[in-house]
Amino acid sequence: MSRAFIKEDDGERGNAVADIQFREAKVEWLKIQEKKLDTLLNDPKSKRIKPETLDRWIKETRADIEKTKKELGYEK
């Protein structure tokens, strides 16, 4: 095939694809953490967890959600 039809990859395309994949993974992680927080707060089964443990998990999950939102550039 003639080189006239082959696009040379100078690394920019690869970086853009990696950035998109990273962002998609972060968005998916955020959805999982938000669902986890909702379950910890609202699922009757979560009442079976020791209160200290439940409080710690809720605090850690909220912190992770906040961190991920900042990484994604979401405003609060």
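Along each chain, the written sequence defines residue order, and numbers are assigned to residues from 1. The predicted origin of the model limits local features to residues at a pLDDT of at least 70 and limits the giving and counting of side-chain atom pairs to 80 or more, whereas totals for whole chains, interfaces and linings rest on all residues. Water and hydrogen atoms play no part in the side-chain values, which are based on all heavy atoms of the structure.

Chemist: Mind showing me how you'd approach the overall build of the protein chain here?
Modeler: Of the regular secondary structure elements, the protein chain holds 2 helices and 0 strands. Each residue is assigned to one of three classes by its accessible area relative to the maximum for its type, calculated with a 1.4 Å probe on protein chains only: buried under 20%, partly exposed between the two thresholds, exposed over 50%. Here the protein chain holds 76 residues, and 17% of them are scored as buried. Considering only contacts in the protein chain between residues 6 or more positions apart, those separated by 24 or more positions represent 62%. Residue-level accessible areas treat just the shown protein chains as cover; the underlying method is Shrake-Rupley with a 1.4 Å probe. Surface accessibility of the protein chain: about 6,600 Å² in total, with carbon and sulfur atoms responsible for 54%. Helical segments are the DSSP runs of H or I of at least four residues, strand segments are the runs of E of at least two, and each set is numbered from the N terminus. Residue contacts are defined here by distance: any two heavy atoms, one from each residue, within 4.5 Å place the two residues in contact.

Chemist: Even after reading the chapter, I still don't get the pattern of salt bridges, so can you show me in this structure?
Modeler: Proximity of charged atoms lets side chains of opposite charge pair with each other. Any carboxyl oxygen of Asp or Glu within 4 Å of a side-chain nitrogen of Lys or Arg constitutes a salt bridge here. Going through the model one piece at a time under the given rule, you end up with 4 salt bridges. Across the pair Glu71 and Lys67 runs a salt bridge whose closest N-O atoms are separated by 4.0 Å. One end of the pair, Glu71, and the other, Lys67, are both in helix α2 (residues 51-72), 4 residues apart, so they sit about a helical turn from each other. Residue classification places Glu71 among the partly exposed residues on the basis of a relative accessible area of 39%. The class for Lys67 is partly exposed, based on a relative accessible area of 49%. A single salt-bridge network, built from bridges that share partners, covers Lys26, Lys67 and Glu71.

Chemist: Looking at this model, I keep getting lost on the packing of helix α1 (residues 12-42) against α2. Mind explaining?
Modeler: To describe two helices that pack against each other, one gives the angle between their axes and the distance between the axes. All axes here are fitted lines through C-alpha atoms, helices being fitted over the stretch that makes contact, and every angle between N-to-C directions spans 0 to 180 degrees. One can describe the packing of α1 onto α2 by two numbers: an axis separation of 9 Å at closest approach and a directional angle of 155 degrees. By the angle class used here, α1 and α2 are roughly antiparallel. Considering the relative orientation of α1 and α2, their crossing is left-handed. Residues Arg23, Lys26, Val27, Trp29, Leu30, Gln33, Glu34, Lys36, Leu37, Leu40 and Leu41 of α1 touch α2, and the partners they reach there are Leu54, Trp57, Ile58, Thr61, Arg62, Asp64, Ile65, Thr68, Lys69, Glu71 and Leu72. In the scheme used here, Gly and all other residues not listed as nonpolar or charged are polar, with Ala, Val, Leu, Ile, Met, Phe, Trp, Tyr, Cys and Pro taken as nonpolar and Asp, Glu, Lys and Arg as charged. Its residues assigned to classes, the contact of α1 with α2 comprises 11 nonpolar, 3 polar and 8 charged. Here the angle decides the label: under 35 degrees means roughly parallel, over 145 means roughly antiparallel, 65 to 115 means roughly perpendicular, and every other value means oblique. When the near helix sits turned anticlockwise from the far one by under a right angle, the crossing is termed left-handed; a clockwise turn instead gives a right-handed crossing.

Chemist: Please explain the side chain of Thr68 as it appears in this structure.
Modeler: Here Thr68 shows up in helix α2. With relative accessibility at 1%, the residue Thr68 sits in the buried group. Residue contacts for Thr68: discarding those within four places in its chain leaves Lys26, Trp29 and Leu30.

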